[in-house]
Amino acid sequence: MAHAVVKAGDMGAVTGWRRAILRFEAGLIRLVEIPAALLVLAEIIILFVGVVARYFLHLPIVWSDELASVMFIWLAMLGSVIALSRGDHMRMTAFVGMVPASWRPVLELLAVAAPLVFLCAVLHPAIEYAEDEMFVTLPAMDVPNTWKAAALPVGMALMAVVCVLKLVRTVHVPQLAAVILGLVALIALGVIASPMLKTIGNYNLVIFFVGLVAAAVFAGVPIAFSFGLSTVAYLTFTTNAPLVVVVGRMDEGMSHLILLSVPLFVFLGMLIEMTGMARAMVGFLASLLGHVRGGLSYVLIGAMYLVSGISGSKAADMAAVTPVLFPEMIKRGAKPGDLVALLAATGAQTETIPPSLVLITIGSVTGVSIAALFTGGMMPGIVLGIALCLLVRWRYRNEDLSGVKKATMKEILGALLIAAPAVALPFVIRGAVMEGVATATEVSTIGIIYSIVVGLVIYRQFNWARIMPMLTDTAALSGAILLIIGAATGMAWALTQSGFSQELARIMAGLPGGAATFMVVSIVAFIILGSVLEGIPAIVLFGPLLFPIARSMGIHEVHYAMVVILAMGVGLFAPPFGVGYYCATAIGGVNPDEGMKPIVGYMIALLIGLALVAAIPWISIGFLS
């Protein structure tokens, strides 16, 4: 694929002034990575100390949550800068890969230039917002809220600088000129058409939040910036609302304290891979089932279920189990395409396993109890897992096991003994929440400390040299996720102010067939949304709109949450649009084309399991107290 910009790893491929710019960018990002990594570390320490002080010493630290929230917004913005420099912001590249090679540099440049337009538009309003927050005082710390709000203009300015540096050092100058002219023409068209747009009412929602968002997402513009750019364009050309409102809504969206668990669970997922805990769990499962037909496929399903209960990050889950299982499965004659198809299917199956980041996001934006979501998410994953296992049993009914040795009871017990500390971690995390030791935000720190102790004392596998890269990777991934949440919150506010939410509620509530029809429509809608927007952006946009409707129809909010999460998971991991599918193929090192055919059966199995979860509420709410 042709690239519009030269990546940092290609330092040797450029000369002269471009090399100087590349070095400047690398130095700038290094200066951002250090405080971002230290912020992740500080968040872990502050929250864990808060748990110890409150639960064990009965001396709560009143300012700990406030300080954590201030540092968190700085972490989100600095992480977004790192993610932008690395090209790690979530984007849909399926269509970019389909266009002729000569057009790809244009789209890659657009993926940098479009965010720059958004950042330039909101930078001054962000400065105004930070100045206005000078008059708001944080009660526990007794300091102006500007200390927190200043993260927004600083982060946006740094991202704008990164975009400029990427564009300046491009080797595709004619394509860059075409992109700039195109964006200028679109802005001019918006200014000219503004008087007319202000007269057509909610048809503007179709133009900006369907047309413009879809065009930007399909062109490969990062999802967060697609949302932000569409919101800014809508407010600028069709309303008189100041853009400082967008900044305020972004701050609000990224400031939910529950979202603090996002970077902490991301870091925890990296820890369990680094300490060998994931390998130990997979080894135990393989000793149990490795000798039966399709046994390692069952192990893959079970391992993803267990690991998902620890990391909260789907990419980390897949990366933890794939290196352990895939080589042995291929050695036994499994086709790589079938393996990666099953890996993607298990990614969708385990979306509800706590501490899923999507569960945490739902709790943050809809007010549903995180503890209830964590409890309700276990059984739906088992139901879909059983559906996958039944298909695996049929597909591997003729597998040749002549060269496979059955593990002895001694070997199984030995594997269990080795894996016991790792297998206990999901139960430690869930137990800490249910017993009131820690909140859903704080419990990740208990998992982190537990993993560090187990890695150092029991498995004796702890690479200190990897800690700093893991902290910066955590900041980058968290920044990418949180910027989407912030941009989607601003977009959701614009939709709400337009009256769209009331209209949507009226249409959905008026569907014939009542709750059953509403559930079916929700499943179809979230499968589509999951394939285009991924889970977190879709939930932030539509969760606050649809959950109240579900409640009004008598659908339990935890039951509805499980159904929409699983529906989004199916969309996310279903080709040809599902980003999760391509993530699975990349981790498995398999060409995406090889998994297209075998994944059809797995998706059908998932849809059957999803239908059961939707039809039987007990699966989701039977264990709620």
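Refer to the structure printed above.
Before going into details, it helps to say that this report is about the structure given with it. What you are looking at is a predicted structure, and each value in this text was computed from that prediction instead of being measured.

**Describing the overall build of the chain**
Then step 1. A tally of helices and strands in the chain yields 29 helices and 2 strands.
Then step 2. Taken over C-alpha atoms, the radius of gyration comes to 24 Å for the chain, in line with the 25 Å a tight globule of 625 residues would show.
Then step 3. By the burial criterion, 57% of the 625 residues in the chain qualify as buried.
Then step 4. In the chain, once contacts between residues fewer than 6 apart in sequence are set aside, the share between residues at least 24 apart is 81%.
Then step 5. Looking at charge distribution, the chain has the averaged site of its 32 positive side-chain charges lying 11 Å from that of its 31 negative ones.

**Some words on the layout of surface pockets**
Then step 1. In this structure, the second largest pocket encloses a volume near 660 Å³.
Then step 2. In terms of lining residues, the second largest pocket is bounded by 27 residues, among which Leu186, Ile187, Leu212, Leu229 and Ala233 are the most central.
Then step 3. Contributing elements (two or more residues each) for the lining of the second largest pocket: helix 4 (104-132), helix 7 (173-197), helix 8 (203-218) and helix 9 (223-238).
Then step 4. The element best represented in the lining of the second largest pocket is helix 7, accounting for 10 residues.
Then step 5. For the lining of the second largest pocket, the class distribution of residues is 24 nonpolar, 3 polar and no charged.

**Examining the nonpolar core**
Most often, soluble globular proteins have nonpolar side chains that are buried together.
Then step 1. One finds Phe526, Tyr560 and Tyr602 to be the most contacted residues of the largest nonpolar core, which totals 211 residues.
Then step 2. Considering each element in turn, this core owes the most residues, 17 residues, to helix 21 (residues 467-497).
Then step 3. Discounting residues that sit within four places of it in the chain, Tyr602 has contacts with Asp338, Ala341, Leu342, Ala345, Leu388, Leu391, Val392, Arg395 and Tyr396.

**Looking at a nonpolar patch on the surface**
Then step 1. A contiguous nonpolar surface patch, about 690 Å² in accessible area, is contributed by Val600, Ile604, Ile608, Leu612, Ile616, Trp618 and Phe623.
Then step 2. No other element matches the 4 residues that helix 28 (residues 598-615) contributes to the nonpolar patch.
Then step 3. Considering the arrangement of structural elements, one finds Val600 in helix 28.
Then step 4. For Val600, a relative accessible area of 46% corresponds to the partly exposed category.

**Regarding the packing of helix 15 (residues 336-349) against helix 28**
Then step 1. Viewed as axis vectors pointing N to C, helix 15 and helix 28 meet at an angle of 25 degrees, and their least axial separation amounts to 8 Å. Judged on the interaxial angle alone, helix 28 and helix 15 are roughly parallel. For the crossing formed where helix 15 meets helix 28, the hand is right-handed. Residues Gly337, Asp338, Ala341, Leu342, Ala344, Ala345, Ala348 and Gln349 of helix 15 form the contact with helix 28, whose own contacting residues are Pro598, Ile599, Tyr602 and Leu606.
Then step 2. Split into classes, the residues belonging to the contact of helix 15 with helix 28 amount to 9 nonpolar, 2 polar and 1 charged.

**Digging into the packing of aromatic side chains**
Then step 1. Counted according to the given criterion, the structure contains 8 aromatic pairs.
Then step 2. Ring geometry for Tyr55 and Phe56: centres 5.1 Å apart, planes at 85 degrees, overall edge-to-face.
Then step 3. Taking relative accessible area as the criterion, Phe56 reaches 54% and is therefore assigned exposed.
Then step 4. Centroid distance Phe209 to Tyr234: 5.0 Å. Interplanar angle 50 degrees. Geometry classified as tilted. With Phe209 in helix 8 and Tyr234 in helix 9, this pair connects stretches of sequence that are 25 residues apart. Like Phe209, the residue Tyr234 is buried in the burial classification.
Then step 5. Every member of this aromatic cluster is reached through a ring pair, and the members are Phe208, Phe209 and Tyr234.
Then step 6. The positively charged end of Arg395 is found above the aromatic ring belonging to Tyr602, 4.4 Å away from the centroid.

**What about the environment of Gly455?**
Then step 1. Checked against the element boundaries, Gly455 lands in helix 20 (residues 443-458).
Then step 2. With residues up to four places along the chain from it excluded, the contact list for Gly455 reads Thr275, Arg460, Gln461 and Phe462.

**Examining the side chain of Thr238**
Then step 1. Positionally, Thr238 belongs in helix 9.
Then step 2. Excluding anything up to four places from it in sequence, Thr238 contacts Leu197, Lys198, Asn204, Phe208 and Ala233.

**Digging into helix 25 (residues 557-573)**
Then step 1. Taking 1.5 Å of rise per residue, 17 residues should cover 24 Å, and helix 25 covers 24 Å from first to last C-alpha, within 8% of that figure.
Then step 2. Of all the 17 residues making up helix 25, 16 are buried; the element is thus mostly covered by neighbouring parts of the structure.

**Side note on unusual backbone geometry**
Then step 1. We note that Asp142 has phi near 55 degrees; this positive angle belongs to a residue other than glycine.
Then step 2. Assignment of secondary structure puts Asp142 in the loop between strand 1 (137-138) and strand 2 (143-144).
Then step 3. With a phi close to 50 degrees, Arg460 is a non-glycine residue in the positive phi region.
Then step 4. One can find Arg460 in the loop between helix 20 and helix 21.
Then step 5. On the accessibility criterion, Arg460 (70% relative accessible area) is exposed.

**Here we look at the side chain of Thr146**
Then step 1. Structurally, Thr146 can be placed in helix 5 (residues 146-149).
Then step 2. When its relative accessible area of 16% is taken as the criterion, Thr146 is described as buried.
Then step 3. Look past the residues within four positions of Thr146 in its chain and what remains in contact with it is Ala130, Glu131, Glu133 and Met134.

**Remarks on the packing of helix 1 (residues 16-56) against helix 2 (residues 64-86)**
Then step 1. For the pair helix 1 and helix 2, interaxial distance at closest approach is 9 Å and the crossing angle is 150 degrees. Relative to helix 2, the element helix 1 is oriented roughly antiparallel. As helix 1 packs across helix 2, the resulting crossing turns out to be left-handed.
Then step 2. Among the residues making up the contact of helix 1 with helix 2, the classes are represented as 18 nonpolar, 2 polar and 5 charged.

Each value, and the rule that gives it
Residues numbered from 1 in each chain as written. Predicted model: local features only at pLDDT ≥ 70, side-chain atom pairs only at ≥ 80, totals over all residues. Heavy atoms only, no water. Helix = DSSP H or I, 4+ residues; strand = E, 2+ residues; numbered from the N terminus. Rg over C-alpha atoms; globule rule 2.2 N^0.38 Å. Buried < 20%, exposed > 50% of the residue type's maximum accessible area, 1.4 Å probe, protein only. Contact = heavy atoms within 4.5 Å. Lys, Arg positive; Asp, Glu negative; His and termini not counted. Charge placed at Lys NZ, Arg CZ, Asp CG, Glu CD. 1 Å grid on protein atoms, 1.4 Å probe; cavity = no way out; pocket = protein on both sides within 12 Å on 5 of 7 lines; lining within 4 Å. Points joined across faces, edges and corners; volume = space filled by probe spheres on them. Nonpolar A, V, L, I, M, F, W, Y, C, P; charged D, E, K, R; others polar. Core = buried A, V, L, I, M, F, W, Y, C linked by side-chain atoms within 4.5 Å. Patch = residues over 30% accessible without salt bridge, like charges linked within 9 Å, V, L, I, M, F, W, Y side chains within 5 Å. Areas by Shrake-Rupley, 256 points an atom, 1.4 Å probe, with all protein chains shown as cover. Salt bridge = Lys/Arg side-chain N within 4 Å of Asp/Glu carboxyl O. Axes fitted to C-alpha atoms, helices over the stretch in contact; angles between N-to-C directions. Parallel < 35°, antiparallel > 145°, perpendicular 65-115°, else oblique. Left-handed = near helix turned anticlockwise from the far one by under 90°. Phe/Tyr/Trp six-rings, centres within 6.5 Å; stacked < 30°, edge-to-face > 60°. Lys NZ or Arg CZ within 6 Å of the ring centre and 35° of its normal. Expected span 1.5 Å × (residues − 1).

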